[in-house]
Amino acid sequence: SSPADNNTDWLKAKGYTYMHREYHMQRKDSNPLLDHRTTLEFRIPEELDIPALQNMDALCFGKKPHETEERFQQLLADRSYHLVIAFQNKVPIGKAHLRWEENEAILSDIAIVPHLQGQGLGTQLITYCINFALSEGKPQIALDVETKNKRALDLYTKLGFLTHNACDYWKIDIDK
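These numbers were taken from a predicted model, which means no experiment stands behind them.

A. Spotlight on the sheet that holds strand E4 (residues 91-100). One open sheet holds the seven strands; their spatial order is E2-E3-E4-E5-E6-E1-E7, and the pairing between them is mixed. Strand pairing shows two members of the sheet lacking a second neighbour, strand E2 (41-43) and strand E7 (162-172), which therefore form its edges. For this sheet the average axis-to-axis angle between neighbouring strands, irrespective of direction, equals 25°. Note: strand E1 (residues 16-27) against E7, 10 bridges, orientation antiparallel. Following the sheet pairing, Thr17 is matched in E7 by Lys171.

B. The nonpolar core, seen in detail. With 40 residues, the main nonpolar core has Leu107, Leu125, Ile126, Tyr156 and Phe161 as its most contacted residues. Elements that contribute at least two residues to this core include exactly helix H2 (50-61), helix H3 (65-77), strand E3 (81-88), E4, strand E5 (104-112), helix H4 (121-135), strand E6 (140-146) and helix H5 (150-158). Excluding residues within four positions of it along the chain, Phe161 makes contact with Met25, Gln26, Arg27, Ile126, Ile130, Ile141, Ala142, Leu143 and Tyr156.

C. Representation of the environment of Val91 within the structure. Among the structural elements, Val91 can be located in strand E4. Using a relative accessible area of 45% as the deciding quantity, one classes Val91 as partly exposed.

About the cut-offs
Residues numbered from 1 in each chain as written. Predicted model: local features only at pLDDT ≥ 70, side-chain atom pairs only at ≥ 80, totals over all residues. Heavy atoms only, no water. Pairing = 2+ DSSP bridges. Helix = DSSP H or I, 4+ residues; strand = E, 2+ residues; numbered from the N terminus. Axes fitted to C-alpha atoms, helices over the stretch in contact; angles between N-to-C directions. Core = buried A, V, L, I, M, F, W, Y, C linked by side-chain atoms within 4.5 Å. Buried < 20%, exposed > 50% of the residue type's maximum accessible area, 1.4 Å probe, protein only. Contact = heavy atoms within 4.5 Å.

The structure is reproduced here in structure tokens:
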């Protein structure tokens with residue numbers, strides 16, 4: 001990793017192509033969040049929820065269902081991961097992954113189905129995840145977000161996350 005404006009000529013000369021930049025954000029506030037507008041129900045998914053999780057990954061991240069079934073089975077069996085699924089009127093509409101580290105939780109794969117985005121449901125989902133992690137004794141919560149995702153950056157900042165560092169991603173064609 002190297003900031004895009006450092007070593008750019010060197011990396012390009014070596015055949016690398018710049019992809020994107022992500023911020024690593026952390027929330028170190030051990031106070032739970034209150035959200036009086038909660039309209040969602042949350043629970044830990046089970047194996048029967050895998051098709052719904054696959055559908056959300058397809059809609060939100062462009063992942064093909066056949067690419068994710070084994071991954072979800074592994075995540076559900078892994079005790080260091082806790083997946084959360086969000087329901088609105090008994091319909092699955094969102095999800096997030098929490099990975100337990102020694103003193104922190106890593107939040108990832110946060111998704112609300114596209115046609116329901118922008119309605120505060122992501123705030124409810126992340127608030128639930130923050131409070132869940134705090135209840136499990138994880139005083140620090142971290143996540144990564146692409147710097148071009150302004151809506152997510154604004155939401156995470158509003159929920160108490162601060163940018164810790166930036167990481168640039170480059171790719172190289174290994175066949176060249």
